[in-house]
Amino acid sequence: MRIKALKVAFPQTIPIFTGFWFLGMAYGIYMNASGFSFVYPLCMSLLIYGGSLEFVAVEMLLSPFAPLQTFIMALLIQARHLFYGLSMLDKFKGLGWKKYYLIFGMCDETFSINCSADIPEDVDRGWFYFWVTLLNQFYWSAAATTGGIVGSLLKIDTSGISFVMTAMFVVIFLEQWLKEKEHSASLIGLTVSVLCLIVFGPDSFMVPTMALIVGLLTLLRKPLEKKEVLQK
Amino acid sequence: MTLAQQIITIGLCVLGTMTTRFLPFMIFNEHRKTPEFIQYLGKYLPSAVFGMLVIYCLKNVSVFHGSHGIPELISILVTGGLHIWKRQMLISIAGGTICYMLLMQFVF
C-alpha cells in the first residue's frame with residue numbers, strides 16, 4: 001500500500017525536485033555568502049520550511065534583534081497558508097497521525113500537488129499525501145544544506161534561475177484553469193492581486209489581496225452556487 | 001545578534017509559519033462538520049490563490065523600469081504555450097525557466 005502510493009506520488013514531485021534543487025541551492029549559497037555555516041540552512045529548511053520566509057529570515061538574522069517584528073513578518077508572509085488549510089480541511093480528515101505531518105509540511109508546492117492531484121481510486125490517499133510532503137521536504141532541505149556546504153565553490157552563472165517558481169505557479173494556474181468550468185475565482189485571484197500590487201506596492205499587498213479575495217468570493221457565493229446547480 | 005537571539009528569531013519564524021498552517025485545522029476539527037461556507041471557500045479559493053501566487057512571484061517586476069517586464073512576459077508565454085501544447089508540467093516549467101535564463105544572461 002505504501003510502496004504503491006510512493007510509485008504514484010514520486011512522478012508528481014519531479015517538477016518540485018528540479019525547482020527545489022535550484023532554489024534550495026540558491027538559498028544555501030546565499031546563507032553561505034552571508035556568513036552562516038551550513039547548519040543554519042539545514043535547521044531553517046527543516047523547521048521553518050517555507051521558502052520566501054527563509055530568504056527574509058536571512059535579512060532578519062543580519063539585523064538587530066527584533067522578536068515582535070520577526071513574528072509579525074512571519075505571520076504576514078505565511079498568511080496564505082491559512083487558505084491552504086481551509087482548502088484541505090476535508091481532504092485531510094481521518095488520516096490519523098499522518099495528518100499532523102501533512103499540516104506541518106504543507107508549503108506552497110506540496111499544497112499545490114496534494115490539492116490538485118487526481119489520485120487513482122486504488123491508491124491510499126493518506127500515504128500519497130505523506131510521500132509527496134516527505135519527498136518535497138527532503139529535496140528542499142538536502143538542496144539548502146548542499147548549497148550551504150559548497151557555497152562559494154560554485155562558478156556557474158545561475159542568474160534568472162529564480163524564474164522556476166514563477167513558471168511552476170503559471171503551470172499550476174493554467175492546469176486549474178483547464179480543469180474548471182467556471183473561471184470567476186481564477187480571474188478574481190489575478191485581477192485583485194494586480195490591483196492591490198499597484199495600490200499597496202510589492203511589500204504590503206498580500207494581506208489586502210487575501211482579504212479582498214475572501215470578500216469577493218463571499219459576495220459571489222449565491223451566483224456561483226446557482227451556476228453550479230444549473231451545470232449539473 | 002547572539003546565538004540565543006538567533007535561535008529565538010528562527011524559533012519565531014517557525015512559530016509564525018506553524019500558526020498559519022495549523023490554525024484552520026484547530027478551529028474546524030474532525031468531530032465537527034465543516035460549515036458550508038468554509039466548504040464553499042475551500043472549493044473556490046485554490047483557483048484564486050494560484051492566480052495570486054503568480055502575481056506574488058512577479059511582484060518586483062517593474063513595467064516602467066529596467067527591462068519593462070518583457071523577459072517575464074515572454075517566458076510566461078513560452079511556459080503557457082508549451083503547457084497547452086504538451087501538457088507536461090516538467091517540460092513547461094523547464095522550458096520557461098531556460099528561456100528566462102537565456103534572456104537575462106544574453107539579451108537583457
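Chain B is annotated in an unreviewed UniProt entry as Branched-chain amino acid transporter permease of Jingyaoa shaoxingensis.

For chain A, the name recorded in an unreviewed UniProt entry is AzlC family ABC transporter permease, with Jingyaoa shaoxingensis as its organism. UniProt annotates chain A under Subcellular location (unreviewed entry) with the comment "Cell membrane". Of the comments in the UniProt record for chain A, the one headed Sequence similarities (unreviewed entry) reads "Belongs to the AzlC family."

Now for the overall build of chain B. When helices and strands are counted, chain B shows 4 helices and 0 strands. Its helices and strands taken in sequence order, chain B reads α-α-α-α from the N to the C terminus. Over its C-alpha trace chain B gives a radius of gyration of 20 Å, far above what one expects of a compact globule, namely 13 Å for 108 residues. Dimensions of chain B along its principal axes, counting C-alpha atoms only, are 55 × 50 × 30 Å. The buried share among the 108 residues of chain B stands at 45%. By sequence separation, contacts in chain B at least 24 residues apart represent 35% of the contacts at least 6 residues apart.

The next thing to look at is the interface of chain A and chain B. Facing the 95 residues of chain A at the interface are 70 residues of chain B. When chain A packs against chain B, close to 7,300 Å² is buried across both sides, 76% of that on carbon and sulfur atoms. Among the residues chain A hides against chain B, the three largest losses belong to Phe65, Leu89 and Phe163 of chain A. Together they make up 9% of the total. If you look at where chain A meets chain B, you find 3 salt bridges. Ranked by residues supplied to the side of chain A that touches chain B, first place goes to helix H9 (residues 163-179) of chain A with 15 residues.

We now examine the UniProt feature "transmembrane region" (unreviewed entry) in chain A. Residue and element names in this part refer to chain A. In this structure's numbering, the residues bearing the UniProt feature "transmembrane region" (unreviewed entry) are residues 12-32, 128-154, 161-178 and 190-220. Across residues 12-32, the secondary structure splits into 100% helix and 0% strand, with the terminal C-alpha atoms separated by 31 Å. Annotated as 81% helix and 0% strand, the span residues 190-220 places its first and last C-alpha atoms 16 Å apart.

Residue and element names in this part refer to chain A. At a minimum axis distance of 11 Å, the contact between helix H2 (residues 39-47) and helix H3 (residues 51-62) shows a crossing angle of 130°. In terms of orientation, H2 and H3 fall into the oblique class. Here H2 runs over H3; the crossing is right-handed. On the side of H2, the interface is formed by Tyr40, Met44 and Ser45, while H3 contributes Glu54, Ala57 and Leu61. Residues that form the contact of H2 with H3 fall into these classes: 4 nonpolar, 1 polar and 1 charged.

To continue, consider the pattern of salt bridges. Two side chains bearing opposite charge may form a pair once their charged atoms approach each other closely. Counted under the stated rule, the structure contains 7 salt bridges over all chains. Asp122 of chain A is paired through a salt bridge with Lys4 of chain A; the nearest N and O atoms lie 2.9 Å apart. Of the two residues, Asp122 of chain A is situated in the loop between helix H7 (108-116) and helix H8 (125-150) and Lys4 of chain A in helix H1 (residues 2-33); the sequence distance between them amounts to 118 residues. Glu36 of chain B is paired through a salt bridge with Arg221 of chain A; the nearest N and O atoms lie 3.8 Å apart. Of this pair, Glu36 of chain B sits in helix H2 (residues 36-57) while Arg221 of chain A sits in helix H12 (residues 221-231), which puts the two residues in different chains. The class of Glu36 of chain B is exposed, set by a relative accessible area of 57%. Each member of the salt-bridge network shares a partner with another, and the members are Arg221 and Glu225 of chain A together with Glu36 of chain B.

Let's shift gears to helix H4 (residues 89-107) of chain B. Look at H4 of chain B: 26 Å from first C-alpha to last across 19 residues, which is about the 27 Å you get at 1.5 Å a residue. For H4 of chain B, every residue scored as buried is listed here: Ser92, Ile93, Gly96, Thr97, Cys99, Tyr100, Met101 and Leu103 of chain B. Tucked into the core, H4 of chain B has its buried residues touching H1 and H9 of chain A together with helix H3 (70-86) of chain B.

With a phi close to 45°, Tyr49 of chain A is a non-glycine residue in the positive phi region. The topology assignment puts Tyr49 of chain A in the loop between H2 and H3. Located in the positive-phi region is Arg87 of chain B, a residue other than glycine, with phi close to 55°. Assessed through its relative accessible area of 42%, Arg87 of chain B is described here as partly exposed.

What follows is about the side chain of Glu54 of chain A. Looking at the secondary structure, you find Glu54 of chain A in helix H3. Summary of buried charges: Glu54 of chain A has no salt-bridge partner, and the nearest side chain of opposite charge, Arg21 of chain B, is 7.1 Å away.

This next bit is on the domain arrangement of chain A. Residues and elements named next belong to chain A. Once the domains are mapped, chain A shows domain 1 (2-160) and domain 2 (180-232). Of note, the centres of domain 1 and domain 2, computed from C-alpha atoms alone, are 26 Å apart. Counting residues at the interface gives 4 residues for domain 1 and 4 residues for domain 2. Surface buried jointly by domain 1 and domain 2 totals about 360 Å² across both partners, of which 93% is contributed by carbon and sulfur atoms. Of all residues in domain 1, Leu76, Arg80 and Phe83 bury the most surface against domain 2, accounting for 88% of the area lost on that side. Joining domain 1 to domain 2, the criterion identifies 0 salt bridges. Scanning the region where domain 1 abuts domain 2 turns up 0 residue pairs in polar contact (both at pLDDT 80 or more). Taken together, the residues of the side of domain 1 that touches domain 2 break down into 3 nonpolar, no polar and 1 charged.

Quick notes on the rules
Residues numbered from 1 in each chain as written. Chains lettered and ligands numbered in written order. Predicted model: local features only at pLDDT ≥ 70, side-chain atom pairs only at ≥ 80, totals over all residues. Heavy atoms only, no water. UniProt positions renumbered as here; feature names shortened; annotations may be inferred. Helix = DSSP H or I, 4+ residues; strand = E, 2+ residues; numbered from the N terminus. Rg over C-alpha atoms; globule rule 2.2 N^0.38 Å. Buried < 20%, exposed > 50% of the residue type's maximum accessible area, 1.4 Å probe, protein only. Contact = heavy atoms within 4.5 Å. Buried area = accessible area lost by both parts, 1.4 Å probe. Salt bridge = Lys/Arg side-chain N within 4 Å of Asp/Glu carboxyl O. Axes fitted to C-alpha atoms, helices over the stretch in contact; angles between N-to-C directions. Parallel < 35°, antiparallel > 145°, perpendicular 65-115°, else oblique. Left-handed = near helix turned anticlockwise from the far one by under 90°. Nonpolar A, V, L, I, M, F, W, Y, C, P; charged D, E, K, R; others polar. Expected span 1.5 Å × (residues − 1). Lys, Arg positive; Asp, Glu negative; His and termini not counted. Domains from an automatic or database assignment. Polar contact = N/O pair within 3.5 Å; in protein donor to acceptor, adjacent residues only side chain to side chain.

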